[in-house]
Amino acid sequence: MPQIPNLRLLFSNPNPSLLYSPLRFPSSLYLLFKPPSKTLQSLKPFSILSSSFKKQRPFTKPFSRKNSSLSEKNLKEGSLMEENDSFVYNKKRAAGKDKNERKNLQLKVRKLNPINTICYVQILGTGMDTQDTSPSVLLFFDKQRFIFNAGEGLQRFCTEHRIKLSKIDHIFLSRVCSETAGGLPGLLLTLAGIGDEGLSVNAWGPSDIKYLVDAMKSFVPNAAMVHTHSFGDVPRMNGAANHDARKMVDPIVLIDDEVVKITAILLHPVPASESSQDHKPDVALKPGDVSVIYVCELPEIKGKFDPKKAAALGLRPGPKYRELQLGNSVKSDNQDRMVHPSDVLGPSIPGPIVLLVDCPTPMHMHQLFSIQSLNKYYADSSNKEENSRFVNCVIHLSPALVAQTSDYQTWMSRFGDAQHIMAGHQMKNIEIPILGASARIAARLNYLCPQLFPAPGYWSIQDLMGTTLDSKASCESCIPKICESISAENLMKFILRPYSQLGLDRSGIPTTVSPSEIISGLLSEIPETAEAAQQVAQFWSGEKETRGEMVSIQDNKLMIEEPWLVEDAIPSCLEGVTREDMEIVLLGTGSSQPSKYRNVSSVYVNLFSKGSLLLDCGEGTLGQLKRRFGVKGADDAVRSLRFIWISHIHADHHTGLARILALRRDLLKGIPHEPIIVIGPRLLSRFLNAYGRLEDLDMQFLDCGHTTEASLQALELSNKHPSPEKLSDIESQPADATLFAKGSRMQSYWKRPGSPPDDKVALPLLKKLKRVLGEAGLEVLISFPVIHCFQAFGIALRAADRLNDAGKSVPGWKIVYSGDTRPCPELIKASLGATVLIHEATFEDGMVEEAIARNHSTTSEAIEAGNSAGAYRIILTHFSQRYPKIPVVNENHMHKTCIAFDMMSVNLADLPVLPKILPYLKLLFKNEMVVDEVDDDSNAVTATAD
């Protein structure tokens, strides 16, 4: 965007009418949008249009070079731009030319310990409570870690439970899809940010993992972060047959060293009608169809060394004893012979074996039951082989619809006395939050103010599942008792070494805490909370006049009068609103990476009967929806989505997108519907295009650049008097045509940075968007450029005008979301008269230099932006994870501002009371210290969000 040295230049446009209607569509753009009859919002004449503007405080806290940690060299080289000490940002970063954070990561090489004293497999329960992603399994050794599956929320889970990500050497995927790999991009970026050099990792999976890696290259800054190892045949995109199915089930040895042998056995779907035939036909596979069984075999435990036998064979104590214990033969010291390990060691104990089985559909079961390479692991004598092995533990990642069938249970029984752990989604785990710290905060907030925090933190099965409970519960109660098994629990272990402790270990399973215990603890810690909750309730009950002054709570100095709480005029757009008009749900309010208390960016806008939309979609968005609305409620929320808008390509703003789109595809399967529109920066199309080869995302992509005011004006000029040929060309394109069809102009659009808007691509989708907006009760959607990174945007939405009971026209509300940005004129212009401005506030005021370096805003800068634009309410979000629970906020000028928390739900009808809640929130966190949560194992990743 243009580099404006001072905000005054923004208002020097010779056409002053633009100031009053910054988001109007051009009136002659008749092919797209009917122009609004009135301005977006009745704007009060305020000081930006008068000479008094000079008397206001500077918009941005002046940048002082004297006290700055930012080098003069950077300033001279142009990495920072400073004009008149009022508008400062990192120029290189905004242009996408900041290479400082891109490291040449090297694969770590560890010295193996063949005599591991501790080894176990452990259930990492991601998704076990929300059923939105696949659990992970950790294979732990003294010096190595192996993780199987990396669904969304894995790194947040590891932070919560202090599992060291820095020790991970290998990640194995049982399938390549959003359910099993949604957390992989964030995990890789986290590893890259650890220490000075960063860490890399090996990723293993079926051959279609290459599609996932190709997709991640669009936002993972260095391909060396992941060393990819694929195996098996490459699925065909055109439906052609693959190699003979019998060859695809041969075991594939992935790792075989002195510590562990890991083997992969591929599963692919086979129709039941073909499974009984002697000759297996060739199978046409699509990406994502292949599943994997992983076999983990530890080396045998050598028998006890007998020094008497060694002495009898002429050996003197010394290094040769060690060689024999390691399995090597040595020459006798006193006799002319070789001494072999079997001469001096007792009987060996076979090494433990663990199987991880992911059989995702009934069509995979038919091949699972007939895999000959599994015969040596079965206990029934009819299939014993000479090299047969006893399996100690089988972890089943298979879903309930497969694992609960009698055929599957019969197959399980073939492993004899092996311990079966059912890690597919089990009903009993729904009531136990996996992210306990976040659930505890949610329960406290719900007690204090259930109007803004309706999510209880701890759900009952009935509330989570809704009307689907009876069928699912009855299904689980009818599990055939053919084979004994146990349900997986979070952090449950199966000990493999030491051998004397072989078996289940439940000692690490977190203790369950009831909501009543959490509230009892809160009242014991902060007794004033009980009275505070009653006073908060009065804001909604009408029992107490909502005055600017607060009622003091005993002697609590925090709660005495807040002079900045003053009534301000309620905008006309709120006249006669109901609780069914609009609600903003802050699903993720943290920056960079998920933390114990805050997930990454996502805003859900609920339009109730008119649908819903998402603004940004960071990792774990689906899980957050389920924590807010319950399992069934979240499914309804995803079904109702009208469109999804993404602000920029940083991972903490979009890596939850594929999971949301995949779920929507599954929920609407067999139901007539249109692909959803995803609006985002042009670079996002590269990710979606590549990922679309792996899974059908059932979406259409629209470049944010086509929804800016300037772009719409350009389209207006080009279509003001279109030729008959051009009109025919435009009308001949179906509105639901995919943008990613082979050979389409959009297929390689991202390869040409700076390409001009393509009318043939944009117009059909813009026409569809106009219709979608109308159905959602929205009149205007405008994206506007902001200052953060290359192709970063904010968004402004305006609802259509409506009639009140008297037949008078009431203007529609207006929401503006900043995305990530430095203070900038485009944001002020777009936010004029906004009903709600959702503005990022990554840093506290004392960290303005860091904010400049990373092109973020401080809290005061965000508030100043809202005040300058005349926004009615300002919601601060996207806080640095150095503020684990509540950020540092300057209380000056907070009369229209509120701090966001995860799952905070701001109804349009609640906007007048919103700022009055802040003092009570301060009470709730009065004992909390601002600490830096980041340590060596959960270091914030600058590449994801900054």
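Note that the structure is predicted; figures quoted are calculated from it, not measured.

Draft legend 1. Broad picture of the overall build of the protein chain. Assigned secondary structure in the protein chain consists of 30 helices and 34 strands. When the 946 residues of the protein chain are sorted by exposure, 58% land in the buried category. Within the protein chain, contacts between residues separated by at least 24 positions form 71% of all contacts whose residues are at least 6 apart in sequence. Roughly 37200 Å² of accessible area belongs to the protein chain as shown, and the carbon and sulfur atoms make up 52% of that amount.

Draft legend 2. Representation of the sheet that holds strand E30 (residues 814–817). In space, the six strands of this open sheet follow the order E26-E27-E30-E31-E32-E33, with mixed pairing throughout. Strands at the two margins of the open sheet, each flanked by one partner only, are strand E26 (778–785) and strand E33 (897–899). Across the sheet, the mean angle separating the axes of adjacent strands is 15° when strand polarity is ignored. In the sheet, strand E32 (residues 873–877) pairs with E33 via three bridges, with the strands oriented parallel. Looking across to E33, one finds that Ile874 is bridged to Thr897. Set on the sheet, helix H28 (residues 859–869) makes contact with strand E31 (836–840), E32 and E33; between it and E32 the angle comes to about 155°.

Draft legend 3. Up close: the pairing of strand E3 (residues 119–124). Most of E3 is tucked away, with six of its six residues classed as buried. By the alternation rule, side chains of E3 split into Cys119, Val121 and Ile123 and Tyr120, Gln122 and Leu124, which are all buried. Bridge count between E3 and strand E4 (residues 136–141): six bridges; the pairing is antiparallel. Counted as the bridge partner of Cys119 is Phe141 from E4.

Draft legend 4. Structural view of the environment of Phe219. Within the secondary structure, Phe219 is located in the loop between helix H7 (209–216) and strand E8 (226–231). What makes Phe219 buried here is its relative accessible area of 8%. For the pair Phe219 and Leu189, spaced 30 residues apart in sequence, the C-alpha to C-alpha distance is 9.9 Å. When residues no more than four places from it in sequence are discounted, the contact partners of Phe219 are Pro185, Ile649, Ala651, His654, Thr655 and Phe687.

Draft legend 5. Local environment of the pattern of salt bridges. Counted under the stated rule, the structure contains 25 salt bridges. Between Arg175 and Asp358 there is a salt bridge; the shortest N-O distance is 2.9 Å. Of the two residues, Arg175 is situated in the loop between strand E6 (168–172) and helix H5 (178–181) and Asp358 in the loop between strand E14 (353–357) and helix H12 (362–368); the sequence distance between them amounts to 183 residues. In this structure, Arg175 and Asp358 share a single accessibility class: buried. Measuring nitrogen to oxygen at the nearest pair gives 3.7 Å for the salt bridge that ties Glu709 to Lys829.

Draft legend 6. Layout of helix H21 (residues 657–667). Here H21 lies mainly inside the structure; nine of its eleven residues are buried. Those residues of H21 that fall on the buried side of the exposure criterion are Leu657, Ala658, Arg659, Ile660, Leu661, Ala662, Leu663, Arg664 and Leu667.

Draft legend 7. View of the packing of aromatic side chains. Under the counting rule described, the total for this entry stands at 17 aromatic pairs. A centroid spacing of 4.7 Å and a plane angle of 50° characterise the contact between Phe305 and Tyr321, whose relative ring orientation is tilted. With Phe305 in the loop between strand E11 (291–297) and helix H9 (307–312) and Tyr321 in helix H10 (residues 319–325), this pair connects stretches of sequence that are 16 residues apart. Accessibility assignment for this pair places Phe305 and Tyr321 in one class, buried. Ring geometry for Phe901 versus Phe925: centroids 5.4 Å apart, planes at 5°, classification stacked. Residue Phe901 is found in the loop between E33 and strand E34 (904–907), and its partner Phe925 is found in the loop between helix H29 (918–924) and helix H30 (942–945); the two are separated by 24 residues along the sequence. By relative accessible area, Phe925 is classed as buried at 5%. The lysine or arginine in question, Arg414, covers the ring of Tyr378, its NZ or CZ lying 3.9 Å from the ring centre. In this arrangement the basic side chain of Arg598 is found over the ring face of Phe901, its NZ or CZ atom lying 4.9 Å from the centre.

Draft legend 8. Representation of the confidence of the model for the protein chain within the structure. Taken residue by residue, the protein chain gives an average pLDDT of 78. The fraction at 70 or more is 73%. Long-range and interchain partners of residues 1–80, a stretch whose pLDDT sits below 50, account for 166 contacts in this model, where long-range means more than four residues apart. Below pLDDT 50 for its whole length, residues 543–566 participates in 58 contacts with residues either more than four positions away or in separate chains.

Draft legend 9. Looking closely at empty space enclosed by the protein. The tally for this structure, following the rule as stated, stands at eleven cavities of 30 Å³ or more. Taken as a whole, the largest cavity holds about 180 Å³ of empty space. Lining the largest cavity are 18 residues, and of these Asp129, Pro433, Gly457, Trp459 and Arg627 lie nearest its centre. Secondary structure elements with two or more residues in the lining of the largest cavity: helix H15 (436–448) and helix H20 (621–639). For the lining of the largest cavity, a count of residues per class yields eleven nonpolar, three polar and four charged.

Draft legend 10. Structural detail: the environment of Leu522. Within the fold, Leu522 resides in helix H18 (residues 515–525). Relative accessible area serves as the criterion here: at 0%, Leu522 is assigned to the buried category. Along the sequence, Leu522 and Leu924 sit 402 residues apart, while their C-alpha atoms lie 8.6 Å from each other. Those residues in contact with Leu522 that lie beyond four places of it in its chain are Arg444, Tyr447, Pro527, Thr529 and Leu924.

Draft legend 11. Expanded view of the sheet that holds strand E10 (residues 261–267). Spatial ordering of the open sheet is given by E9-E10-E11-E14-E15-E16-E17, a layout of seven strands whose pairing is mixed. Looking along the sheet, the strands with just one partner apiece sit at the ends: strand E9 (252–256) and strand E17 (486–487).

Draft legend 12. Fine view of the pairing of E9. Pairing of E9 with E10 involves four bridges; the strand directions are antiparallel. Within E10, the position partnered with Val253 by the bridge is Thr263. A loop of four residues connects E9 with E10, the two strands running antiparallel in sequence.

Draft legend 13. The arrangement of unusual backbone geometry in detail. The linkage connecting Arg497 with the following residue, Pro498, adopts the cis geometry, with an omega of 5°. Take Pro498: it is sitting in the loop between strand E18 (493–497) and strand E19 (503–505). Despite not being glycine, Asn149 has its phi angle at roughly 75°, a positive value. Here Asn149 shows up in the loop between strand E5 (145–148) and helix H4 (154–160). Judged by relative accessible area, Asn149 falls into the buried class, the value being 0%. Positive phi is not limited to glycine here, since Asp698 has a value of about 55°. Following the sequence through the fold, Asp698 ends up in the loop between helix H22 (682–691) and strand E25 (699–703).

Conventions adopted
- Residues numbered from 1 in each chain as written.
- Predicted model: local features only at pLDDT ≥ 70, side-chain atom pairs only at ≥ 80, totals over all residues.
- Heavy atoms only, no water.
- Helix = DSSP H or I, 4+ residues; strand = E, 2+ residues; numbered from the N terminus.
- Buried < 20%, exposed > 50% of the residue type's maximum accessible area, 1.4 Å probe, protein only.
- Contact = heavy atoms within 4.5 Å.
- Areas by Shrake-Rupley, 256 points an atom, 1.4 Å probe, with all protein chains shown as cover.
- Pairing = 2+ DSSP bridges.
- Axes fitted to C-alpha atoms, helices over the stretch in contact; angles between N-to-C directions.
- Salt bridge = Lys/Arg side-chain N within 4 Å of Asp/Glu carboxyl O.
- Phe/Tyr/Trp six-rings, centres within 6.5 Å; stacked < 30°, edge-to-face > 60°.
- Lys NZ or Arg CZ within 6 Å of the ring centre and 35° of its normal.
- pLDDT = per-residue confidence, 0-100.
- 1 Å grid on protein atoms, 1.4 Å probe; cavity = no way out; pocket = protein on both sides within 12 Å on 5 of 7 lines; lining within 4 Å.
- Points joined across faces, edges and corners; volume = space filled by probe spheres on them.
- Nonpolar A, V, L, I, M, F, W, Y, C, P; charged D, E, K, R; others polar.

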